[in-house]
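Report on the structure
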Amino acid sequence: MNDNKRQSFRKAKSMLTNKTTVKRARIAYGVVWNLFLLFLIIGIAGGVFAAGAGAGYFASLVKDEPIRSFESMKKDIYNYTETSDVYFADDVYLGKLRSDLDRDIVTLSDVSKDLVNAIIATEDQYFYEHDGVVPKAIMRAVLQEVTNSANQTGGSTLTQQLIKNQILTNEVSFERKAKEILLALRLERFFEKEEILEAYLNMATFGRNASGRNIAGVQSAAKGIFGVDAKDLNLPQSAYIAGLPQSPFGYTPFTRDKQIKKNLEPGLNRMKVVLKRMYNGGFITEQQYKDALAYDVTKDFAKPSADPLEKYPWVMVEAEQRAIDILAKILAEKAGISKKELAENNELYNKYYMLAQRDLKQNGYSIHTTIDKKMYDAMEEVKNKYPNFGPDKPQVKEDPDTKEQVTVMEPVEVGAILIENKTGKILSFVGGRDFKKQELNHATRAIRQNGSTMKPLLGYAPAFELGKASPGTILPDVPLRLDPSEPDKVWPKNYGGGYSGLATARYALAKSYNVPAVKLYTDILKHRPAQYLEKMGFTTLLKDDFVNPSTVLGSMANGVTVEENTNAFTTFANGGKFIDAYMIEKITDKNGKIVYEHNTKPVTVFSPQTAYLTVDIMRDVFKYGTAASIPGKLKFKTDWAGKTGTGVEYHDSWIVGTNPNVTFGIWTGYDTPKSLQAKGNLTYSQRTNYLWASLLNAAYDVQPSLIAPKSQFKMPGGIVSKTFCAISGMLPSETCIKAGLVETDLFNIKYVPTEVDNSFGSGKYVRIGDRNYLADNSTPGDFAKSGLILNPDYASSLAGTNFKDAAALIPKLQRWSNVIVPNAKLPENGKIPASVSLTASDGTLTWQAVNESDIIGYRVYWAGGIKAASIRAGTGLSYPAAPGTYYVTAVDIAGNESAPSNYVTVGGE
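None of these values were measured; they are calculated from a predicted model.

Structural notes on the state of the cysteines
- Per the counting criterion, the structure on display carries one disulfide.
- Between the sulfur of C725 and that of C736 lies a disulfide, 2.2 Å long from S to S. Its S-S torsion of approximately 100° makes the covalent link between C725 and C736 right-handed. Placement of C725 in strand β20 (residues 719-725) and of C736 in helix α27 (residues 734-738) is noted, with a sequence separation of 11 residues between them.

What to know about the sheet that holds strand β4 (residues 205-208)
- On the basis of which strands lie adjacent, the open sheet formed by three strands has the order β3-β5-β4 and mixed pairing. Since the sheet does not close on itself, it has two edges, and those belong to β3 (102-103) and β4, each with one partner.
- Taken together, the two bridges between β4 and strand β5 (residues 214-216) define a ladder with antiparallel strand orientation. The residue bridging R208 from the neighbouring strand is N214, located in β5.
- In the packing of helix α9 (residues 218-226) onto the sheet, contacts are made with β3, β4 and β5, and the angle to β5 comes to roughly 135°.

Considerations on the nonpolar core
- Formed by 80 residues in total, the largest nonpolar core has its most connected members in L457, Y460, M536, F538 and L809.
- Sort the elements by how many residues they give to this core and helix α19 (residues 454-465) lands first, with seven residues.
- Setting aside anything within four residues of it in sequence, one finds M536 in contact with L457, E564, A568, T571, F578, V605 and F606.
- Among the nonpolar cores identified, the runner-up in size contains 61 residues, and L158, L168, A221 and L268 belong to it.

Describing the pairing of strand β26 (residues 838-841)
- Pairing between β26 and strand β27 (residues 844-847): four bridges, direction antiparallel. Its bridge partner being in β27, T839 is matched across the sheet by T846.
- Between β26 and β27, which pair antiparallel one after the other, the connecting turn spans two residues, and D842 there sits at a positive phi close to 55°.

Details of the pattern of salt bridges
- Following the criterion strictly, the structure yields 34 salt bridges and no others.
- Here K96 ties to D85 by a salt bridge, and the two come within 3.0 Å at their closest N and O atoms. In this pair, K96 is assigned in strand β2 (residues 93-96) and D85 in strand β1 (residues 85-87), connecting sequence segments 11 residues apart. With respect to burial, K96 and D85 carry one shared label: buried.
- A salt bridge links R270 to E123, with the nearest nitrogen and oxygen atoms 4.0 Å apart. Of this pair, R270 sits in helix α12 (residues 265-280) while E123 is found in helix α4 (residues 113-123), placing the two residues 147 residues apart along the sequence.
- Accessibility expressed as a relative area gives 7% for R270, which makes it buried.
- A relative accessible area of 17% means that E123 is categorised as buried.
- Among the charged side chains, a salt-bridge network with shared partners connects R506, D616, R619, D620, D639 and D745.

Examining the sheet that holds strand β14 (residues 584-588)
- In spatial order, the strands read β2-β1-β6-β14-β15; together these five strands make up an open sheet with mixed pairing. Two strands bound the open sheet, and with one partner strand each, they are β2 and β15 (594-597). Here the average twist between neighbouring strands, direction ignored, is 15°.
- As judged from the three bridges shared by β14 and β15, these two strands associate in the antiparallel manner. Residue T588 lies in a different strand from β15, and its bridge partner there is I594.
- Contacting β1, β2, β6 (366-369), β14 and β15, helix α15 (residues 313-334) runs over the sheet at an angle of about 65° to β14.

A short note on the packing of helix α23 (residues 562-573) against helix α24 (residues 608-623)
- Where α23 contacts α24, the two axes come as close as 7 Å, and the packing angle between them is 110°. Our classification of the angle between α23 and α24 gives roughly perpendicular. On α24, the residues that touch F569, T571 and F572 of α23 are A611, T614, V615 and M618.
- Of the residues in the contact of α23 with α24, the class split is five nonpolar, two polar and no charged.

Digging into the side chain of S817
- Along the chain, S817 turns up in the loop between α28 (792-799) and β25 (819-820).
- A distance of 2.8 Å separates a polar atom in the side chain of S817 from the backbone oxygen of Q814.
- If we skip the residues at most four places from it in the chain, S817 touches Y765, R767 and N772.

Re helix α6 (residues 158-166)
- Of all the nine residues making up α6, seven are buried; the element is thus mostly covered by neighbouring parts of the structure.
- Residues of α6 that are buried include every one of L158, T159, Q160, Q161, L162, I163 and Q166, and no others.

Overview of the environment of G740
- Turning to its location among the elements, G740 is positioned in the loop between α27 and β21 (742-748).
- Exposure remark for G740: the relative accessible area of 38% places this residue in the partly exposed category.
- With 75 residues separating them in the primary sequence, G740 and R815 have C-alpha atoms 6.8 Å apart.

A closer look at the packing of aromatic side chains
- Under the counting rule described, the total for this entry stands at 31 aromatic pairs.
- Arranged with centres 5.9 Å apart and planes meeting at 55°, the rings of W847 and Y858 form a pair that is tilted. Here the residue W847 occupies a position in strand β27, and Y858 occupies one in strand β28 (residues 855-862), the gap between them amounting to 11 residues. In terms of burial, W847 and Y858 fall into one category: buried.
- An aromatic cluster of three or more residues is present, and its members are F622, F636, W640, F664, W692 and Y700.

Here's the deal with the confidence of the model for the protein
- Put simply, the protein has an average pLDDT of 89, and 89% of its residues get 70 or more.
- The model gives residues 44-65 a pLDDT under 50, and that stretch makes 14 contacts with residues more than four places away or in other chains.

With respect to unusual backbone geometry
- Of note, the bond from W491 into P492 is cis; its omega dihedral lies within 30 degrees of zero at 0°.
- Along the chain, P492 turns up in the loop between β11 (474-477) and β12 (501-504).
- Positive phi is not limited to glycine here, since D842 has a value of about 55°.
- Relative to the helices and strands, D842 is located in the loop between β26 and β27.

Each value, and the rule that gives it
- Residues numbered from 1 in each chain as written.
- Predicted model: local features only at pLDDT ≥ 70, side-chain atom pairs only at ≥ 80, totals over all residues.
- Heavy atoms only, no water.
- Disulfide = S-S within 2.5 Å.
- Helix = DSSP H or I, 4+ residues; strand = E, 2+ residues; numbered from the N terminus.
- Pairing = 2+ DSSP bridges.
- Contact = heavy atoms within 4.5 Å.
- Axes fitted to C-alpha atoms, helices over the stretch in contact; angles between N-to-C directions.
- Core = buried A, V, L, I, M, F, W, Y, C linked by side-chain atoms within 4.5 Å.
- Buried < 20%, exposed > 50% of the residue type's maximum accessible area, 1.4 Å probe, protein only.
- Salt bridge = Lys/Arg side-chain N within 4 Å of Asp/Glu carboxyl O.
- Parallel < 35°, antiparallel > 145°, perpendicular 65-115°, else oblique.
- Nonpolar A, V, L, I, M, F, W, Y, C, P; charged D, E, K, R; others polar.
- Polar contact = N/O pair within 3.5 Å; in protein donor to acceptor, adjacent residues only side chain to side chain.
- Phe/Tyr/Trp six-rings, centres within 6.5 Å; stacked < 30°, edge-to-face > 60°.
- pLDDT = per-residue confidence, 0-100.

Laid out in structure tokens, this is it:
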């Protein structure tokens, strides 16, 4: 050590050992130590105070939050908004109902491990370590919020996100955040990590799928974005989906128009971030990371799937509407409201309809319908290719946008429905021509006049049931005045005009005569037969329909749907029991529990005897009646019975047919009622009938044994076959038998005729043309014939006292040619007939008719006064004569004869 250093050391030592210096050092140390202790105490006290204040503030934020039980939190956490599914018959999947959000629930075991790891690495890397919250992350988030930092990293765990979305709201506030933290800690106490993770995977939203619909839950994301199940996702696909929740619609690859976005970089870059976090977190190896980065995930994007609402719009909409109606009744019943109260109170029904609508769209129900997919597809194909609907016709309508009157072309629409008789299942239907142009389901929702298809439902069957008629009952088809509001007006009239005279109920129905149907209906109107319609499911009846005689012709105040009209005909196939048609077989919740299952409840409407008799007369509609052309159009044979119908002014065309298995009904018409008549080779009714046959052929190809049963309608006991007189429906008399007017038909044994026919007696008549007139005592025998005279009282009972043309009662058929009516008299004018002018040509005598109303014929004489022939008036004015000289006279009803005509020679002198 050198001298300088030694000297410096000595000075320093002297200072440190100096008493004054030591004293000062001790004082300084004491001051510093005391200050340290003071600041330490102040710090601890401040910390405790701050902690207390913070705890107090936190407590004030959550003071209104209830203490939630395990069951309460479980219910909220698993209360996903899940889309309901629709199925065809036999559990054939159709698709999802219309919804703002598609979601399919999946269990954690059915989710790809790569996706689970990607979600954890991206959204909550400490998921398996924390107890619901990460304090460090929360402090960072709070500091960023207080300092209004531009870099907001967030502090929510998966548990907190689950709480925010399933229990709380998206409100940005310290109060909501405090409740979120509290509930997250509580949730972690109640649930296992796997349960929380599974709930999150089903809750999170993931943008849009390839069909442009909003999606939630990893299963919907996997199916909608890549077309695979969540369990089959590979690593790049998993990373892509895991990146979506941060900005679902920013990163989603699809537009709402079902197109792939032009700029996919945001989503692809986000996928790379997810992969980097997975690698950094040790979830994947370096090689997996590199391979995933090099993978072209865009080639896996799904193609837009067929929207069930586009392919099966009428099925989807109908299933939804019926399911809502069912659920509304269930919800109302749970609230103590009866079905009757619900039906009669529109405000109440609307309330529960809305609740049911929300319930159906959010709670993941499965709706199982009765519709046979193959049959529905086959009928749609036939409908779309059918060439004979008829022409589009112009219709003036108001433009919904401009409110201006515009002319549009309306097509002929169609509604058809196929029902299984014994169950009431709606197997298939045709809702219309084009859903995009007209959404109305014409099979189930359109209300139209059902024309003559009403006749068996409201006229003939009720009359059979009441014992007022049988198939052999004689009815008048003549000009009658049956409208009570206009007693002087001839009404009703038959389509096509003309009348047929006396007809059996069987024949009148087959030929669809209007007058017999109305006459029969007015005779039973006091029994209020419309009650039978109510029993058969008609829901649109009004008071007037119970008293208006035109109702039996299908002219109702409102009308009826194709479904209700067709359903009513199943009553006859079911032996008189009505089974309400249905389309919803069952509804199950998302756990598979049945919340509704259809239960068939038959309603007795008619006796088995009435049902069979009605079926039997409706068979003739297909044999020789208005649907006689149909069997030749079918590719199969079976026991058909049914009825055609036409609405007022040809606005509606119908045919409903039933066999032992199924009933099929169809309607065609314009949405704005107008005549279906049009130029062409087919009439409007043929166009409808042939479409009916074509649709049935399509259904037959799918289920031949169902559509074409080999069995026939079975005749029940209590029905017998009896002969009757065709002029009265009573037991045939000897006179009736000799006249050849005996027929045979079926009767309910309770209502067989017991009286012998006395509706006519014998007498003389003359026939002029095709009409018969009573002969006078002085009427010459060469013009009079023996015949049957209708009893005047019987004629009045048939047609009424104000009916004047009783001769119209006699059918224009050969076997009726010798039947006359009591008022068929030819008045005698009190004059001798005028003579005729005679000519001859090529051996034929010809003369002109005498223009007098009482002329019954002409006599041809040889020149010596010997009668050569008697020529009945109306049969001709000529006579092929042998060679000789002749003259002719005119004869009237009283036997008066005119002076001889001029003489004419045939074949020389």
